[in-house]
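One letter stands for each residue in the lines below.
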Amino acid sequence: MVMGSQIYISDYSYNLPNERIAKYPLPQRDASKLLVFDRNGISEAAFSRLPELLPEGTLLVFNNTKVIRARIMFRCSTGAAVEVFCLEPVEPASYAQSLAATKECCWACAVGSLRRWKEGEILRLPFAHGGSRCTLSACRQSVRNGVATVQLAWDKPDLTFAEVLEAAGILPIPPYLHRPTESADYERYQTIYSKREGSVAAPTAGLHFTQNVLNNLKIKGIDTSEVTLHVGAGTFKPVKSSTIQEHEMHAERFEVSLETLMKLRQSHGKVVAVGTTSVRCLE
């Protein structure tokens, strides 16, 4: 058995030229390429052909998480920009309860220019909602392993934190795209079946599904089910250690319903996880 301390990150490093990274998605989601691996070897197809490639009786498992506008841009007293990236709720600790909170909540956040933001200093961000002006305040508390605990409060108590983020936050997109978030990203960087808010990144394998593909899966007799895993900052965090064992993984929360568990138990065909987040849930 190979121990984690003997698995070197350098063995998995490879060159990925920037010009080979697609900065924007195709206009049609299911026109993307699909890599097919079967007994005949490796071939390519369009993603729209997925229903005909899967055997009847397959159970597809989707991650129904929804990306939140987790990036908030403040300015400190010197005028320097301070980015607060909401990673996971602290109080209330539940994603649903924290996003539904009014007046205030507390989140664990990655902070850009952390040294410029003193502990206890309050930053303020004016924003508009429903024609009225509002202000979001952030107070930096303790910092542990580069992650700050931030108390967030807003002066319009009838707003939920989800509504505050919708008005004042920015949708995070992968940093390797090397471009700012654009208006089209707010729709395109969500799966069409996203429901449960909480992710800071989309489960990207699901971005290629269209309603037409889902309809054809149903016609083929392929059943579907859902899990929820909120993708955390670990998906963006670079690996700086020399071995896998030294790298600290960011925790993620997931939920699997009783209905999904029963479908998994009763399934007599293949169970196919849509993307690595669904795989992690099933594992």
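Think of each chain on its own: its residues are numbered from 1, step by step along the sequence as written. Since the coordinates come from a predicted model, pLDDT governs what is reported: local features require at least 70, and pairs of side-chain atoms require 80 or more to be given and counted, while whole-chain, interface and lining totals use all residues. The basis for the side-chain values is all heavy atoms of the structure; hydrogens and waters are excluded.

S.K.: Please explain the confidence of the model for the protein chain as it appears in this structure.
M.R.: A low pLDDT score tells you not to read the predicted coordinates there in detail. The score called pLDDT rates the predictor's confidence residue by residue, from a low of 0 to a high of 100. With 98% of its residues at a pLDDT of 70 or more, the protein chain shows a mean pLDDT of 92. Counting from the N terminus, the helices are DSSP H or I runs at least four residues long and the strands are E runs at least two residues long. Mean pLDDT per element in the protein chain: helix H7 (residues 276-282) is the minimum at 93, and strand E3 (residues 59-63) is the maximum at 97.

S.K.: Explanation requested: the nonpolar core in the structure shown.
M.R.: In globular proteins that are soluble, nonpolar side chains generally tend to be buried together. In terms of nonpolar packing, the biggest core is built from 37 residues, with Phe74, Cys86, Trp107, Trp117, Leu136, Leu152 and Phe161 touching the most fellow members. Going through the elements one at a time, strand E5 (71-75), strand E6 (81-91), helix H2 (95-99), strand E7 (104-111), strand E8 (122-129), strand E9 (132-144), strand E10 (147-154) and helix H3 (161-168) are the ones with two or more residues in this core. Judged by nonpolar contacts, the second largest core, of 15 residues, contains Ile21, Leu171, Val227 and Val231. Grouping buried Ala, Val, Leu, Ile, Met, Phe, Trp, Tyr and Cys residues that are joined through side-chain atoms within 4.5 Å yields what is termed a nonpolar core. Accessible area is worked out with a 1.4 Å probe on protein chains only. A residue is then buried under 20% of its type maximum, exposed over 50%, and partly exposed in between.

S.K.: Can you walk me through the pairing of E8 in this structure?
M.R.: Criterion used throughout: strands pair if DSSP finds at least two bridges between them. With eight bridges connecting them, E8 and E9 associate as antiparallel partners. When the sheet's bridge partners are listed, proline 126 is paired in E9 with threonine 135. As consecutive antiparallel partners, E8 and E9 are separated by two residues, and within that stretch glycine 130 has a phi angle of approximately 60°, a positive value.

S.K.: Just checking my understanding: could you explain the side chain of serine 32 for this structure?
M.R.: Tracing the backbone through its elements, the reader meets serine 32 in the segment before strand E1 (33-38). Pairs of N or O atoms within 3.5 Å make up the polar contacts considered here, provided that, within protein, one atom can donate a hydrogen while the other can accept it, and that residues adjacent in sequence are counted only when both atoms are side-chain atoms. Here the side chain of serine 32 touches arginine 29 through a polar contact of 3.1 Å, landing on its backbone oxygen.

S.K.: Can you walk me through the sheet that holds E7 in this structure?
M.R.: Strands belonging to one sheet form pairs held by backbone hydrogen bonds; the direction of such a pair is parallel or antiparallel. Read across the open sheet, the six strands follow the order E5-E6-E7-E10-E9-E8; overall the sheet is antiparallel. Strand pairing shows two members of the sheet lacking a second neighbour, E5 and E8, which therefore form its edges. Ignoring which end each strand starts from, the neighbouring axes of this sheet average 40° apart. Axes, fitted as lines to C-alpha atoms, cover a helix only where it is in contact. Angles between the N-to-C directions of the axes lie from 0 to 180 degrees.

S.K.: I'm lost on the packing of aromatic side chains in this one. Help?
M.R.: Aromatic rings in a pair are described by how distant their centres are and how their planes are angled relative to each other. Pairing of aromatic rings covers Phe, Tyr and the six-membered ring of Trp, with a centre-to-centre limit of 6.5 Å; geometry is then stacked below 30 degrees between planes, edge-to-face above 60, and tilted otherwise. Considering all chains together, one arrives at seven aromatic pairs under this definition. For the ring pair phenylalanine 62 and tyrosine 193, a centre distance of 4.6 Å and an interplane angle of 55° mean the geometry is tilted. Highlighted residues: phenylalanine 62 in strand E3 and tyrosine 193 in the loop between helix H4 (185-188) and strand E11 (196-199), separated in sequence by 131 residues. Phenylalanine 62 sits in the buried class, given a relative accessible area of 4%. Overall, the relative accessible area of 8% leaves tyrosine 193 in the buried class. Ring centres of tryptophan 154 and phenylalanine 161 lie 5.5 Å apart, and the angle between their planes is 25°; on these two criteria the pair is classed as stacked. For the pair shown, tryptophan 154 and phenylalanine 161 are each scored as buried. One aromatic cluster is present, formed by Phe47, Phe62, Tyr193 and Phe209 through successive ring pairs.

S.K.: Help me understand the pattern of salt bridges, please; the structure alone is not making it clear to me.
M.R.: Oppositely charged side chains can pair when the atoms bearing their charge come close. Salt bridge criterion: a side-chain nitrogen from Lys or Arg within 4 Å of a carboxyl oxygen from Asp or Glu. Overall, the coordinates contain ten salt bridges when judged by the stated rule. The residue glutamate 226 makes a salt bridge to lysine 195 at a minimum N-O spacing of 3.1 Å. Here lysine 195 lies in the loop between H4 and E11 and glutamate 226 lies in strand E12 (residues 223-229), a separation of 31 residues in the sequence. Overall, glutamate 226 belongs to the partly exposed group, its relative accessible area being 25%. Residue lysine 195 is classed as exposed on the basis of its relative accessible area of 54%.

S.K.: What is the right way to look at the pairing of E3 in this model?
M.R.: Every regular strand shows the same layout, with side chains that alternate between the two sheet faces. Along E3, five of the five residues are buried, which leaves the element largely enclosed by surrounding structure. The two faces of E3 match: Leu59, Val61 and Asn63 on one face and Leu60 and Phe62 on the other face are all buried. Of the strand pairs in this sheet, E3 and E12 are connected by five bridges, and their pairing is parallel. Looking across to E12, one finds that leucine 60 is bridged to threonine 224. The pairing of E3 with strand E14 (residues 271-273) spans three bridges and is classified as parallel. Paired with leucine 59 across the strands is valine 271, a residue of E14.

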